[in-house]
Amino acid sequence: MKKTTLLFCFCAFCFCVSQAQLKNADDVQKELATENKDTIAWSYGGIFDIGFNEGFLHNWSAGGEVASLTINSIFSGHLDRLHGRAVWSNNLDMTYGLYYAYSTGFVPHKTDDRIDFTSKYGYRVDTVKNFYLTGLFNFKSQFTKGYDYTNPNWENAPTSDFLTPGYFTIAAGGEYRKGSDISFFLSPLAGRITLASKDYTSQSPQGAFGVDYNKTVLYQFGAYFSGRYTWNINKKMVFKTRLDMYSNYLAKDTKDSVGNIVKRDNPSNISFLFDNLYSYKISKSMNLTLGATFIYDNSIPYIKTYKNQAGVEVLKNNPGDWLGWLQVKQLFTLGMEYKF
């Protein structure tokens, strides 16, 4: 299952990139590298979407939620600095969503929460080819606490928080790049730090997010791949895709004090993130956004049960149980967009 899903993600990503078109930023880079080495150029762009879904029912024979409101927001942007053969590129992706319902007293339930920032500095090998020697920094986390709302006691049992987990990756390697639209980065030397609060890692003998029991930091060293592609289909349609993969050279089974294996792991357990975002501008003020994200991380297993208020293990019986450890997020937003 894991290998099939990973292969599917990689093939889909390669297919998308095969449709690539070269952006003007690459032409600017060539000119700077050959003619105006002292000139500095900036390239930037992005999309901000916010969508609302509201409903109200009174004496409705078919039944339903009396009153509800859903808010989804997405930001995806880039900022690049071009100077001669050097390129400094920055990408920021953020999402946040909330759901309010009358049946829950309009207590907000979080539907989406993500912070993902990548900064790369690369130096072009020569003035003809699109290969760079590149250093990369990546940070991932979330804004607020997360909960498992299938747990009746969810308010007293948060599952995550800002910087819990917090992922920091530093890597050095080679990059193939065309303008601001296409980037393939591969590093055989990539360090990763995972942060988590003891409030979460002390809840289970396995710890949390890969961090050992009652610890706050996990250190990893391995290989890292990151590929990005933006397809400006036309003035109204944009498709963005991304594939990140990480293999930890130091991965091994985790054992408790008496030698029992509490978590299995090895370098072949490659974690990945496959992210897709499609945006269609319906009118000057209206926009349609479709998104799908797939994540696999051996450090974050799927737990089929939760503890009720009596402390008894109860099956969640969720619709997506068959997906196992694969993390899936799908979104549909119809609302307002600002594109720059």
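Residues numbered from 1 in each chain as written. Predicted model: local features only at pLDDT ≥ 70, side-chain atom pairs only at ≥ 80, totals over all residues. Heavy atoms only, no water.

*Asks:* I'd like a description of the overall build of the protein, backed by residues and values.
*Replies:* Scanning the protein for helices and strands turns up three helices and 16 strands. Of all 340 residues assigned to the protein, the portion counted as buried reaches 42%. Nonlocal contacts in the protein, meaning residues at least 24 apart in sequence, comprise 62% of its contacts between residues at least 6 apart. (Helix = DSSP H or I, 4+ residues; strand = E, 2+ residues; numbered from the N terminus. Buried < 20%, exposed > 50% of the residue type's maximum accessible area, 1.4 Å probe, protein only. Contact = heavy atoms within 4.5 Å.)

*Asks:* Talk me through the environment of R242; I want residue IDs and the actual numbers.
*Replies:* Within the fold, R242 resides in strand β9 (residues 237-248). R242 sits in the buried class, given a relative accessible area of 3%. Between the alpha carbons of R242 and R228 there is a distance of 4.5 Å; along the sequence they are 14 residues apart. Engagement of the side chain of R242 in a polar contact is seen with the side chain of D244, the distance being 2.6 Å. (Polar contact = N/O pair within 3.5 Å; in protein donor to acceptor, adjacent residues only side chain to side chain.)

*Asks:* Describe in detail the pattern of salt bridges, supporting the description with residues and values.
*Replies:* What the rule picks out here adds up to 14 salt bridges. Note that K140 is salt-bridged to D244, the shortest N-O span being 3.9 Å. You can see K140 sitting in strand β5 (residues 131-141) and its partner D244 sitting in strand β9, a full 104 residues away along the chain. Comparing K140 with D244 shows no difference in burial state: the two are buried. D244 is paired through a salt bridge with R242; the nearest N and O atoms lie 2.6 Å apart. (Salt bridge = Lys/Arg side-chain N within 4 Å of Asp/Glu carboxyl O.)

*Asks:* Any chance you could break down the side chain of T169 for me, citing the residues and the numbers?
*Replies:* As for its placement among the helices and strands, T169 is situated in strand β6 (residues 166-178). Here the side chain of T169 touches R192 through a polar contact of 3.1 Å, side chain to side chain. Setting aside residues up to four positions removed in sequence, T169 forms contacts with L136, F137, N138, G191 and R192.

*Asks:* Got a sec to walk through the pairing of strand β1 (residues 40-56)? Specific residues and values, please.
*Replies:* Both β1 and strand β2 (residues 67-83) contribute to a ladder of 17 bridges, which runs antiparallel. Among the inter-strand pairings, I47 is bridged to a residue of β2, identified as S76. Judged from the five bridges that link them, β1 and strand β16 (residues 327-339) form a sheet pairing that is antiparallel. Its bridge partner being in β16, G51 is matched across the sheet by G335. (Pairing = 2+ DSSP bridges.)

*Asks:* Describe the confidence of the model for the protein, listing the residues and the values that go with them.
*Replies:* Across the protein, the average pLDDT comes to 86, with 87% of residues at or above 70. Across residues 17-23 the pLDDT falls below 50, and counting only partners more than four positions away or on other chains, this stretch makes 17 contacts in the model. (pLDDT = per-residue confidence, 0-100.)

*Asks:* Before we move on, could you go through the pairing of β5 and cite the residues and values that matter?
*Replies:* Bridging between strand β4 (residues 109-124) and β5 involves ten bridges; their strand directions are antiparallel. Bridge pairing in β5 links F117 to F139. Counting the residues that bridge the hairpin from β4 to β5 gives six residues. In the sheet, β5 pairs with β6 via ten bridges, with the strands oriented antiparallel. From the neighbouring strand, L136 faces β6, where its bridge partner is A171.

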